[in-house]
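Secondary and tertiary structure notes
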Amino acid sequence: MLVRALDDVARLVLPVSCPGCDRPDVRWCAACLGLLRAPLRRREDGAPRLDRLDGAGPLPVWAPAAYAGPVRGVVVAWKDRARADLDRPLAAVGRAAGVALGPVLAAGARAAAAVRTAPAVRAAPGAVPRELVVVPAPSAPAARRARGRDPVAVLARSVAAGLRAAGVRAQVVPLVRQRGRARDQVGLGSRARGARLRGVDVARRPGRVRDALRDRTPCLLVDDVLTTGATLAACESALAGAGVPVLGAFVLAATPAPGERRGPRRVPSSGPRGGRAQGPSARAPLVLPGTRGGG
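Cut-offs and rules
- Residues numbered from 1 in each chain as written.
- Predicted model: local features only at pLDDT ≥ 70, side-chain atom pairs only at ≥ 80, totals over all residues.
- Heavy atoms only, no water.
- Helix = DSSP H or I, 4+ residues; strand = E, 2+ residues; numbered from the N terminus.
- Buried < 20%, exposed > 50% of the residue type's maximum accessible area, 1.4 Å probe, protein only.
- Areas by Shrake-Rupley, 256 points an atom, 1.4 Å probe, with all protein chains shown as cover.
- Pairing = 2+ DSSP bridges.
- pLDDT = per-residue confidence, 0-100.
- Contact = heavy atoms within 4.5 Å.
- Core = buried A, V, L, I, M, F, W, Y, C linked by side-chain atoms within 4.5 Å.
- Arc of directions from axis to C-beta.
- Disulfide = S-S within 2.5 Å.

Another aspect to go through is the overall build of the protein. A count of helical and extended segments in the protein gives 11 helices and 10 strands. The buried share among the 295 residues of the protein stands at 49%. Carbon together with sulfur atoms contributes 54% to the accessible area of the protein, which is approximately 14,600 Å² in total.

Attention now moves to the pairing of strand 4 (residues 132-136). Buried residues dominate strand 4, accounting for five of its five residues. Every second residue of strand 4 is oriented toward a common face, with L132, V134 and P136 on one face and V133 and V135 on the other, all of them buried. Here strand 4 runs beside strand 5 (residues 170-172); their pairing, made up of three bridges, is parallel. Bridge assignment links V133 to a residue of strand 5, and that residue is Q171.

The next thing to look at is the confidence of the model for the protein. When pLDDT is averaged across the protein, the result is 77; 68% of the residues are at 70 or more. The lowest-confidence element of the protein is helix 11 (residues 280-283), averaging 44 in pLDDT; the highest-confidence one is helix 7 (residues 151-165), averaging 97. Across residues 262-282, where pLDDT falls below 50, the model places 28 contacts with residues more than four positions away in sequence or in other chains.

Relative to the helices and strands, W78 resides in helix 3 (residues 69-80). Spatially, the C-alpha atom of W78 lies 7.6 Å from that of P151, the residues being 73 residues apart in sequence.

Its location among the elements puts V168 in the loop between helix 7 and strand 5. Separated by 66 residues in the primary sequence, V168 and G102 have C-alpha atoms spaced 6.3 Å apart.

Positive phi is not limited to glycine here, since D22 has a value of about 65°. Its place among the elements puts D22 in the loop between helix 1 (2-13) and helix 2 (30-34). Unlike most non-glycine residues, R216 shows phi in positive territory, near 50°. In this fold, R216 is placed in the loop between helix 9 (208-215) and strand 8 (219-226). By relative accessible area, which is 21% here, R216 ends up partly exposed.

Looking now at the environment of P70. Relative to the helices and strands, P70 is located in helix 3. Spatially, the C-alpha atom of P70 lies 5.9 Å from that of C32, the residues being 38 residues apart in sequence. Contacts of P70, omitting those with residues within four sequence positions, involve G20, C32 and L35.

Moving on: the nonpolar core. Counting 43 residues, the largest nonpolar core has L36, L163, F250 and L252 as the members making the most contacts within it. Top element by residues in this core is helix 4 (residues 87-106). It accounts for eight residues. Listed in part, the 30 residues of the second largest apolar core include A47, V202, A203 and L239.

All buried positions along helix 9 are accounted for by V209, A212 and L213. Taken around the axis of helix 9, the buried residues stretch over an arc of 95°, which confines them to a single face. Elements in contact with the buried residues of helix 9: strand 4 and strand 7 (200-202). Among the residues trailing helix 9, R216 stands out with phi positive, at a value near 50°.

Where burial is concerned, most of strand 9 (residues 246-254) is hidden: nine out of the nine residues are buried. Here strand 3 (residues 65-66) pairs with strand 9 via two bridges, running parallel. Counterpart to A66 in the pairing with strand 9 is A254.

So, about the state of the cysteines. Under the counting rule described, the total for this entry stands at zero disulfides. Not part of a disulfide, C32 finds its nearest cysteine sulfur in C29, a span of 3.3 Å. A residue is classified by how much of its surface remains accessible, and C32, at 5% relative accessible area, is buried.

Right, dumping it as structure tokens:
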């Protein structure tokens, strides 16, 4: 009773509204957050910067929602408008995603362990990994200072918790960093984003970072949003250069692909396409059921 009364007083002094639909007097509404609890879908088709020139498919990227409408409002408020109160419900989304992704990522890591003596760009299907590293996409130091927090790190920790709940040994390790002084990506176009991310490289620090690089532990990238794919492409390139297999990425939301309004893609056939052996990008499921979380 007392907590509810204090909450009512706080709303009079500092009015709140759902960032997705502007519904007054609620921090968030079930309908808007419900969009982020949809089944995970592969979303890399809408990210041109993830396209490869060597014939390999793009990095698999899973997200529960398109970056539009109420979802965009929720994510922007959480990351750039000081809505740290959204950490809890969005962490529940990340944890549920980790639970759903556990079996998929587990199926992609045994071969990665077998080729750790060679520079690995992408892991091939296999069995359960001994360990998986969850790597948050780096933010510009100035952006972290301005926010007073690192929302993507919060999301990465929740994904790692979900993976552990699915039986995968997972920990968050910041393997990539942003070198030098860089602008935040908010408001930047595709070319500017690409130029900004040339400064992404592998962190060189003792402890968990050093161990993960030495062991070439397979990893999952985590970011808030997929737009052009410049951030994830830069991270994957840096990690591949260090011989670390990248199994895929998770984001809360992704810019819709041009043809997405016509419906999701069909699952590819089991045989190679165009005479070329397919990697895990093509074999990873397009839709993962059962990703709803609490919160």
